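What follows is the residue order along each chain.
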Amino acid sequence: MTLLKRNSKIIDESTKKTVLYAQNIRKSFGSKGNVQQVLKGIDLRVEEGEFVGIMGASGAGKTTLLNILATIDRSTEGTVLISGSDISQMKDAAMADFRRNQLGFIFQDYNLLDTLTAKENILLPLSLGKINKKSAETEFRTIADILGISDLIDKYPHELSGGQKQRTSAARALINQPSMVFADEPTGALDSKSASSLLRTITNINEKRKVTIMMVTHDPLASSYCSRVIFLKDGKIYTEIYKGDKTRQAFFQEVLNIQAVLGGENVDVL
């Protein structure tokens, strides 16, 4: 692989459609005689338009890996490139700007501001940038329509259901047209109906708008919506599977089979 450095960007000439490239990601906590290695050399690549799931038993390193790739935490060793930029070498201020301008986040607990309406929460990332009002409004209307929340935009978070809050959170993650969206257990606080509805919508956005998504989940049902699922075990990649032309039901069963080998919880129905 040939990497060329131009100004602050590192460009991989052989894989121009690679959105995320991570090499030898290691993460340790503690010091001296009490060091715990959580990640033990993770290599992965995510292509434009992929919907990638990260699974593994509790303690496998799923959230730690997501936090490092999403610029929330730093690795002990390794390199992470997102859209050609080497985030592992960025200073804190530059990383904060990159996170705001290039990444989107969907969290389990929504992270909405109670004093703002749904619309104001969604538009918050754009208010920190230089996009003009007309463009912001156009993008907002498009995202709100796709996520089915156009009739909720003037409501406050306490007036929304869990599913509506998560759709609002998803809209906020997408509003700045990010290079990549990171989702941490986005269905964890939702009932099964709301979870399925959200996942169908996210899949539709992924397919129609070619949004690149990485999702950490413990739920095989959620992962069955992904185009690829990576399984972690003891801080390393154990295996990965691709959906390809499989039905979601067949892919769901494949996820269950690997989860059973890893000692994860089983789920009986779709």
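J.: Quick one: what's the story with the side chain of Thr71, residue by residue and with numbers?
T.: Looking at the element boundaries, Thr71 is found in the loop between α1 (62-69) and β6 (77-82). Relative accessible area serves as the criterion here: at 2%, Thr71 is assigned to the buried category. Setting aside anything within four residues of it in sequence, one finds Thr71 in contact with Ile87, Met95, Phe98, Arg99 and Leu103.

J.: Which residues make up unusual backbone geometry, and what values go with them?
T.: Here the phi dihedral of Gln177 falls at roughly 50°; this positive angle occurs in a residue that is not glycine. Checked against the element boundaries, Gln177 lands in the loop between α5 (162-174) and β9 (180-184). Judged by relative accessible area, which is 54%, Gln177 ranks as exposed. We note that Glu185 has phi near 45°; this positive angle belongs to a residue other than glycine. Summarising the element assignment, Glu185 is placed in the loop between β9 and α6 (192-209). By relative accessible area, which is 13% here, Glu185 ends up buried.

J.: Can you lay out the layout of surface pockets for me, pointing to particular residues and giving the numbers?
T.: Estimates place the volume of the largest pocket at around 420 Å³. Taken together, 17 residues line the largest pocket, and the ones lying closest to its centre are Arg100, Leu103, Phe105, Pro125 and Arg172. Within the residue set of the lining of the largest pocket, elements represented by two or more residues are α2 (92-102), β8 (103-107), α3 (118-127) and α5. Of all the elements, β8 adds the most residues to the lining of the largest pocket, at 4 residues.

J.: Could you give an account of the pattern of salt bridges, naming the residues involved and the relevant values?
T.: Enumeration over the complete set of coordinates arrives at 9 salt bridges. Here Lys27 and Asp73 are joined by a salt bridge, their closest N and O atoms 3.5 Å apart. Of this pair, Lys27 sits in strand β3 (residues 18-31) while Asp73 sits in the loop between α1 and β6, placing them 46 residues apart in sequence. Between Glu137 and Arg141 there is a salt bridge, and its shortest N-O distance comes to 2.9 Å. Remark: Arg141 and Glu137 occur in helix α4 (residues 133-146); sequence separation between them is 4 residues, near one turn of the helix. When its relative accessible area of 26% is taken as the criterion, Glu137 is described as partly exposed. Among the charged side chains, a network of salt bridges with common partners joins Glu50, Arg228 and Glu240.

Here is what the cut-offs are and how they apply
Residues numbered from 1 in each chain as written. Predicted model: local features only at pLDDT ≥ 70, side-chain atom pairs only at ≥ 80, totals over all residues. Heavy atoms only, no water. Helix = DSSP H or I, 4+ residues; strand = E, 2+ residues; numbered from the N terminus. Buried < 20%, exposed > 50% of the residue type's maximum accessible area, 1.4 Å probe, protein only. Contact = heavy atoms within 4.5 Å. 1 Å grid on protein atoms, 1.4 Å probe; cavity = no way out; pocket = protein on both sides within 12 Å on 5 of 7 lines; lining within 4 Å. Points joined across faces, edges and corners; volume = space filled by probe spheres on them. Salt bridge = Lys/Arg side-chain N within 4 Å of Asp/Glu carboxyl O.

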